[in-house]
Amino acid sequence: MALLVWTLGALLVVLAIPDPLSATLVTVVSWIVLVKRRVSERQLRPLVVGLAIMGFVSMLVNGVLVHEGATVVGFVPTWIPLVSGPITIEGFLQGGSIALTLIATISAAATLAVVMDPTDLADSFPRSLSRVGAALGSALNLAPAMAASYRSIKEAQQFRGWRPRGARAMIDIIIPVLLGAIERSTQLAESMEARGFGSGPRSQLVAQEPTIRNLTGAVLVAMCGFPILAVHLAHVPVLWYPYPTPSMPSLSPLVWAPSVLLWVAALVIEPG
Amino acid sequence: MAQKIIFENVSYQYPAWGGEPAYALDRVSAELGYGITAVIGDSGSGKSTLLRLINGLIPHFHGGDFSGRVTVEGKEVVTTPTRELAKLVGFVFQEPENGFVRGTVAREVAFGPENLGFDRHKISAQVVASLQSVGILHLIDRRIRTLSGGERQRVAVAAALATDPATLVLDEPMSQLDENGARLLGQTLTAIAHSGTRVVLAEHRLAGYLQPDHIIGMHSGHLIEENSMKVVVPPPCLPPSTSTKLVWELHDAELSVGTTPLLTGINLAGREGEVTVITGANGGGKTTLLRAIGGLSPLTSGSRLAPDVGVAYLPQEPGVLLHRTRVIDEVAQTLKWLGLTSSPMDVLEILDLAHLAQRDPRDLSGGERQRAALAVVLAGQPRLALLDEPTRGMDEQARMSLVATLTHLAEHGTATIVATHDRVLAHQLAPRVWKISGGTLIPEEGVGP
């Protein structure tokens, strides 16, 4: 439960304060959480590669398409439609800022998505909410099941002569995947019903009794709400723009306080 | 007085979604006492429907038109919700992989006892005991997605046993099990029946694995007189291929996942019209080998020869092939994709499936779905056919029909590879089969049922 609360808190901080400093702090602490949870290198490698590609593409696209900013470093010739115009340092910096926010969001979400199997989500909830957890975990489990079903159906259809020729051909894969998902969810519901789900108070093989450390961590995460609220009430600028010339991001304690609280919470919460 | 399961003049129709309503059960009356009751009958005869009445999934979950009366341990099914009946009845589904709720074996088996509020120590003890009774305690910490089909089926049986039910209902629990698994399950069910749990199961593969105390025969939704298990073992009927033309080959093949070798030193080939049978324990690598021959799993080393086109592949789960509303439309789609002008009805007639042409695949029984999926993949008269557990859920008649189909294909030059744990089928198809053991192939002569 503590990890779930932490992840939700981190997402809230990134979305409420998309400032580069705050995003950087959240990204770093998210990766500390991933490493603390001993996530294997094999699982992390595609995430790192994906984030690096995304960051590079974001900077490149913004740098080439946005012609604002005072520091011109080159020109796209006028005979190239849509992108012609000056290339500025500020354009790249804005692309980097957007990328930082996206990387922070994905890194924060990864602390839950990579660390925890959706079917184990039930274990994250306290006993009183275990029924909600079990239902949510089962529902989320349909996503990987759909991915597996997509692969199986594509393989089976290819042997029957299907070829991926354009978007129209994909209908022969996507519709069966969706129909299969409906069928599977019906069978899942039937199985849960037959196994007494909802018949009364549940117990748990692995009970999540809240510990002092995890409770303290959850409280620290909840406290992030105060500086976030204060930032918005005090109209502290949380959106950083490098135009027309780059400036320093806001150094107001209200901007970086939520990230610091997340850091402390990450250190307090048990590694699991 | 011992409680019983009593069916009194029960009739039932599934909801008819635009189709013609038909009775799945028609005026059925029966009493099930203690011991093992086997429900036998052809595919589509109403066995699964009868089983679902015992825990109230019919009519509570499926809806439809129900009449008559069913009582389980004195509780009337119509007025007792399924989730309440779950305290009395454990249920194992025909396709258990679609009903798994949790990620690991231990948590999946614990799910039922958790729902019924068992205390933590009892849940833990029940998980260990039920996994032990089906011989898979060593899998307790494994993720379910890493298990083979047979291993998953055993997890489902363990999960049903874990709630310590008064009645255990199993819908074709042996359909994916290897010989040892089926024998072990037979022994387990006999033991739990002796300990006082009533066992009711529908199964085509009982002979040799389990001796039921009572037999209920079913045909077209009616109960029929049946007092013995039929064991039909026809002699091997496929003549050896006389062709010298190689269709497929694996040479010094090795396949690993990461650093773990799954298959090593595989040398195997097949000629036109030749049927190759691969057997082995659940999780032994039969599917992996089949996928390697079909090019779905790349070899780590060695070489592979197989046709680029004209390869048919029947996966273990027939549902991935059946999405349209009529069986004939699925067959027509294969012919269209392959650019063939044959009539889909002719294909179904050759495979003795013309009677299923207009049926919706979702309304078919497990065995019928398997046969429909076979028709879909074999429609183009392939050069190479790869069939993964093709007799899953099939009755004796359907098995005979499958052998006839494979004979027809062999006569027309198709090389076929069948991965199966079904020794009767292996006996019918080939005098020599290949067994996967420890990642390598061992020839087995004179395989008999």
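As the structure is a computational prediction, the values presented were derived from the model and not from experiment.

### Focus on the overall build of chain A
And then number 1: Scanning chain A from N- to C-terminus turns up 9 helices and 2 strands.
And then number 2: The secondary structure elements of chain A, listed N-terminal to C-terminal, are α-α-α-β-β-α-α-α-α-α-α.
And then number 3: At 23 Å, chain A has a C-alpha radius of gyration far larger than the 19 Å of a compact globule built from 272 residues.
And then number 4: Principal-axis analysis of the C-alpha atoms gives chain A an extent of 70 × 60 × 35 Å.
And then number 5: Within chain A, buried positions represent 44% of all 272 residues.
And then number 6: Summed over all atoms, the accessible surface of chain A reaches about 13,500 Å², with 74% contributed by carbon and sulfur.

### So, the sheet that holds strand S10 (residues 222-224) of chain B
All names here are of chain B.
And then number 1: Overall, mixed pairing links the 6 strands, which are arranged S6-S7-S8-S3-S9-S10 in an open sheet. Either end of the sheet is taken by a strand with one partner, and the two such strands are strand S6 (89-92) and S10. Between one strand axis and the next, the sheet turns through 20 degrees on average, direction left out of account.
And then number 2: By the bridge criterion, 5 bridges tie strand S3 (residues 36-41) to strand S9 (residues 214-219) in an arrangement that is parallel. Residue pairing in the sheet places isoleucine 40 in a bridge with glycine 217 of S9.
And then number 3: Contacts between helix H1 (residues 47-54) and the sheet are confined to S3, S6, strand S7 (167-171), strand S8 (198-202) and S9, with S7 contributing the most and set at about 155 degrees to the helix.
And then number 4: On the sheet, helix H7 (residues 179-194) packs against S3, S7 and S8 and is oriented at approximately 145 degrees with respect to S8.

### Re the packing of aromatic side chains
And then number 1: Evaluation of the coordinates by the stated rule reveals 4 aromatic pairs over all chains.
And then number 2: Measuring from ring centre to ring centre gives 5.3 Å for Phe159(A) and Tyr313(B), while their planes differ by 45 degrees; the resulting arrangement is tilted. Pair noted here: Phe159(A) is in helix H5 (residues 130-159) and Tyr313(B) is in strand S15 (residues 311-314), and the two residues belong to different chains. Both residues of the pair, Phe159(A) and Tyr313(B), belong to the buried class.
And then number 3: Pairing Tyr12(B) with Tyr14(B) gives two aromatic rings, centres 5.0 Å apart and planes at 80 degrees, and the pair type is edge-to-face.
And then number 4: For Tyr12(B), a relative accessible area of 0% puts it in the buried group.
And then number 5: Note that Lys122(B) overlies the ring of Phe118(B), its terminal NZ or CZ placed 4.3 Å from the centroid.

### Focus on the domain arrangement of chain B
All names here are of chain B.
And then number 1: Parsing chain B into structural domains produces domain 1 (5-224) and domain 2 (246-445).
And then number 2: In this structure, domain 1 and domain 2 have C-alpha centres spaced 29 Å apart.
And then number 3: Listed per partner, the contact involves 21 residues of domain 1 and 18 residues of domain 2.
And then number 4: Here domain 1 meets domain 2 over a buried area of about 1,500 Å², counting both sides, of which 39% is carbon and sulfur.
And then number 5: Looking at the side of domain 1 facing domain 2, the largest losses of area belong to Ser43, Glu95 and Asp178, adding up to 30% of the total buried there.

### Some words on the layout of surface pockets
And then number 1: Empty space within the second largest pocket amounts to approximately 1,900 Å³.
And then number 2: Lining the second largest pocket are 50 residues, and of these Tyr14(B), His62(B), Arg362(B), Asp363(B) and Leu364(B) lie nearest its centre.
And then number 3: The set of elements that each furnish at least two residues to the lining of the second largest pocket consists of helix H6 (166-194) of chain A together with strand S2 (23-32), H1 and helix H11 (366-378) of chain B.
And then number 4: Residue composition of the lining of the second largest pocket, grouped by class: 13 nonpolar, 22 polar and 15 charged.

### Regarding the domain arrangement of chain A
And then number 1: Taken as a whole, chain A is organised into domain 1 (1-121 + 208-272) and domain 2 (127-207).
And then number 2: Each of domain 1 of chain A and domain 2 of chain A was reduced to a C-alpha centroid, and the two centroids are 31 Å apart.

### Overview of the packing of helix H8 (residues 225-233) of chain A against helix H9 (residues 253-268) of chain A
Residue and element names in this part refer to chain A.
And then number 1: Between H8 and H9, the least distance of the axes is 8 Å, while the angle of their chain directions is 165 degrees. As far as their axial angle goes, H9 and H8 are roughly antiparallel. Between H8 and H9 lies a crossing of left-handed hand. For the pair formed by H8 and H9, the contact residues are Pro227, Ile228, Ala230 and Val231 on the first element and Leu254, Val255, Ala257, Pro258 and Leu261 on the second.
And then number 2: Its residues assigned to classes, the contact of H8 with H9 shows 9 nonpolar, no polar and no charged.

### Brief notes about the sheet that holds strand S12 (residues 260-271) of chain B
Residues and elements named next belong to chain B.
And then number 1: Pairing is antiparallel across the open sheet formed by 3 strands, whose spatial order is S12-S11-S14. Of all the strands in the sheet, the pair left with one neighbour each is S12 and strand S14 (301-305). Looking at each pair of strands side by side, their axes are set apart by 15 degrees on average, direction ignored.
And then number 2: Where strand S11 (residues 246-257) and S14 come together, 4 bridges link them in antiparallel fashion. Across the sheet, leucine 250 pairs through a bridge with arginine 304, a residue of S14.
And then number 3: Most of the contacts of helix H8 (residues 286-294) go to S11, to which it runs at about 125 degrees, and overall it touches S11, S12 and S14.

Definitions and limits used
Residues numbered from 1 in each chain as written. Chains lettered and ligands numbered in written order. Predicted model: local features only at pLDDT ≥ 70, side-chain atom pairs only at ≥ 80, totals over all residues. Heavy atoms only, no water. Helix = DSSP H or I, 4+ residues; strand = E, 2+ residues; numbered from the N terminus. Rg over C-alpha atoms; globule rule 2.2 N^0.38 Å. Buried < 20%, exposed > 50% of the residue type's maximum accessible area, 1.4 Å probe, protein only. Areas by Shrake-Rupley, 256 points an atom, 1.4 Å probe, with all protein chains shown as cover. Pairing = 2+ DSSP bridges. Axes fitted to C-alpha atoms, helices over the stretch in contact; angles between N-to-C directions. Contact = heavy atoms within 4.5 Å. Phe/Tyr/Trp six-rings, centres within 6.5 Å; stacked < 30°, edge-to-face > 60°. Lys NZ or Arg CZ within 6 Å of the ring centre and 35° of its normal. Domains from an automatic or database assignment. Buried area = accessible area lost by both parts, 1.4 Å probe. 1 Å grid on protein atoms, 1.4 Å probe; cavity = no way out; pocket = protein on both sides within 12 Å on 5 of 7 lines; lining within 4 Å. Points joined across faces, edges and corners; volume = space filled by probe spheres on them. Nonpolar A, V, L, I, M, F, W, Y, C, P; charged D, E, K, R; others polar. Parallel < 35°, antiparallel > 145°, perpendicular 65-115°, else oblique. Left-handed = near helix turned anticlockwise from the far one by under 90°.

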